[in-house]
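Listed below, chain by chain, are the residues.
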Amino acid sequence: MRMAIVGQNKKDFKQILCFIEKFSNLNNLQITHTFFDSKEEFFAKFSKDYWDIVLLFASNMQRSIMDLAYKIRNIDLICRLVFISSSKDYAVESYKADVSYYLLKPFDFSEFENAMKRCLRSSIEDHQYIIVNSNWQKIPVFLKDIQFAEKNGHNVIIHTKHKTISTRMTFETFLEKMKSFDGFVNCVRGELVNLAWVSELESHNFVMKSGDKIPIRRQDRKKFKQIYFKYLLSKNIKF
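Residues numbered from 1 in each chain as written. Predicted model: local features only at pLDDT ≥ 70, side-chain atom pairs only at ≥ 80, totals over all residues. Heavy atoms only, no water.

> Explain the overall build of the chain residue by residue, including any values.
Regarding its fold elements, the chain presents seven helices and 15 strands. Residue burial in the chain is summarised as follows: out of 239 residues, 45% are buried. Counting only contacts in the chain whose residues sit at least 6 apart along the sequence, the fraction spanning at least 24 positions is 53%. Surface accessibility of the chain: about 13,600 Å² in total, with carbon and sulfur atoms responsible for 50%. Once the 38 positive and 27 negative side-chain charges of the chain are each reduced to a mean point, those two points are 4 Å apart. (Helix = DSSP H or I, 4+ residues; strand = E, 2+ residues; numbered from the N terminus. Buried < 20%, exposed > 50% of the residue type's maximum accessible area, 1.4 Å probe, protein only. Contact = heavy atoms within 4.5 Å. Areas by Shrake-Rupley, 256 points an atom, 1.4 Å probe, with all protein chains shown as cover. Lys, Arg positive; Asp, Glu negative; His and termini not counted. Charge placed at Lys NZ, Arg CZ, Asp CG, Glu CD.)

Shown next, in the form of structure tokens:
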């Protein structure tokens, strides 16, 4: 695991080093870490798909660190961001930059361990996939890329962030394949939605980040509203 630590407080850095070493030993992980004195130094050397976890120390420059988090997300959607601050001011906004954890100072090893475990769990989730038949080939489809799927005759159309995939399969078989994965809901007949790709919830629809609107069964609107907000809570930042 490759970790970047962005901050200027040497005292904080020493504490983090102790926590990293302890976490590594407890979980039999090899973590290589690099310390950057400034956000400018870090961003000048930042590259996509290199860092697994980036620890961002806010100190007295929270706005600039928040801006850095957005810059990182514009380049890399996979690396895990952990915000470290003595203030809650940007806890809510950091969710927009997909920050995995918001560590509020002072914190102990158990909180740091929770942050690292959350990063590891989400990393594992990013590598989950299903195999489907399409155009006479077996192809892997990563769960994180699936936005929604819909029935089309005897086929299932899977809408992903990259492309649309058609696979010959009954919708019931597809639902059976997906039932063990969190975050996927069958909100109306012949439609399956990945809640991770929902941008907002209207009274009658899930509004997807792609702009598509997936209707919700009239009799189940209250239930799916509860499911959606429960999902958001389960994915939200702990601090």
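> For the pairing of strand E8 (residues 146–152), give the residues involved together with the corresponding values.
Taken together, the six bridges between E8 and strand E9 (residues 155–160) define a ladder with antiparallel strand orientation. Considered in E9, the bridge of Lys-151 is made with Val-156. Linking two consecutive strands that pair antiparallel, namely E8 and E9, is a turn of two residues; a positive phi of about 65 degrees is found at Gly-153 within it. Of the strand pairs in this sheet, E8 and strand E12 (residues 191–194) are connected by three bridges, and their pairing is antiparallel. Across the sheet, Ala-149 pairs through a bridge with Leu-192, a residue of E12. (Pairing = 2+ DSSP bridges.)

> I'd like a description of the pattern of salt bridges, backed by residues and values.
Overall, the coordinates contain six salt bridges when judged by the stated rule. A salt bridge links Lys-39 to Glu-40; its shortest N-O distance comes to 2.7 Å. (Salt bridge = Lys/Arg side-chain N within 4 Å of Asp/Glu carboxyl O.)

> Tell me about the sheet that holds strand E3 (residues 53–57), and please be specific about residues and values.
If you trace the five strands from one edge of the open sheet to the other, you get E2-E1-E3-E4-E5, paired in parallel fashion. Here the strands that pair on one side only, and so sit at the sheet edges, are strand E2 (32–36) and strand E5 (99–104). On average, adjacent strands in this sheet sit at an angle of 15 degrees to one another, irrespective of strand direction. Sheet topology places strand E1 (residues 2–6) next to E3; four bridges connect them, and they run parallel. Directly across from Val-6, in E3, lies its bridge partner Leu-56. (Axes fitted to C-alpha atoms, helices over the stretch in contact; angles between N-to-C directions.)

> Describe in detail a nonpolar patch on the surface, supporting the description with residues and values.
Together, Tyr-129, Ile-131 and Phe-142 make up a nonpolar patch on the protein surface, roughly 270 Å² of accessible area in all. Structurally, the position occupied by Phe-142 is in strand E7 (residues 137–142). (Patch = residues over 30% accessible without salt bridge, like charges linked within 9 Å, V, L, I, M, F, W, Y side chains within 5 Å.)

> Now, about the side chain of Glu-113: what can you tell me, with residues and values included?
Note on placement: Glu-113 falls in helix H5 (residues 109–126). Glu-113 gets classed as buried once you look at its relative accessible area, which sits at 18%.

> Can you lay out helix H6 (residues 171–178) for me, pointing to particular residues and giving the numbers?
All of the buried residues in H6 are Phe-171, Phe-174 and Met-178. On an axial view of H6, the arc spanned by its buried residues comes to 55 degrees, and they lie on one face. Taken together, the buried residues of H6 touch strand E6 (129–134), E8, E9, strand E11 (184–188) and E12. (Arc of directions from axis to C-beta.)

> Quick one: what's the story with the packing of aromatic side chains, residue by residue and with numbers?
Under the defined criterion, the tally for this structure stands at 14 aromatic pairs. An aromatic cluster of at least three residues, connected via ring pairs, comprises Phe-36, Phe-42, Phe-43, Phe-46, Tyr-50 and Trp-51. (Phe/Tyr/Trp six-rings, centres within 6.5 Å; stacked < 30°, edge-to-face > 60°.)

> Could you give an account of unusual backbone geometry, with specific residues and numbers?
With omega at -5 degrees, the peptide bond leading from Lys-105 into Pro-106 counts as cis. In this structure, Pro-106 sits in the loop between E5 and H5. Positive phi is not limited to glycine here, since Asp-98 has a value of about 55 degrees. Within the element layout of this structure, Asp-98 appears in the loop between helix H4 (91–94) and E5. Unlike most non-glycine residues, Asn-135 shows phi in positive territory, near 55 degrees. When its relative accessible area of 69% is taken as the criterion, Asn-135 is described as exposed.

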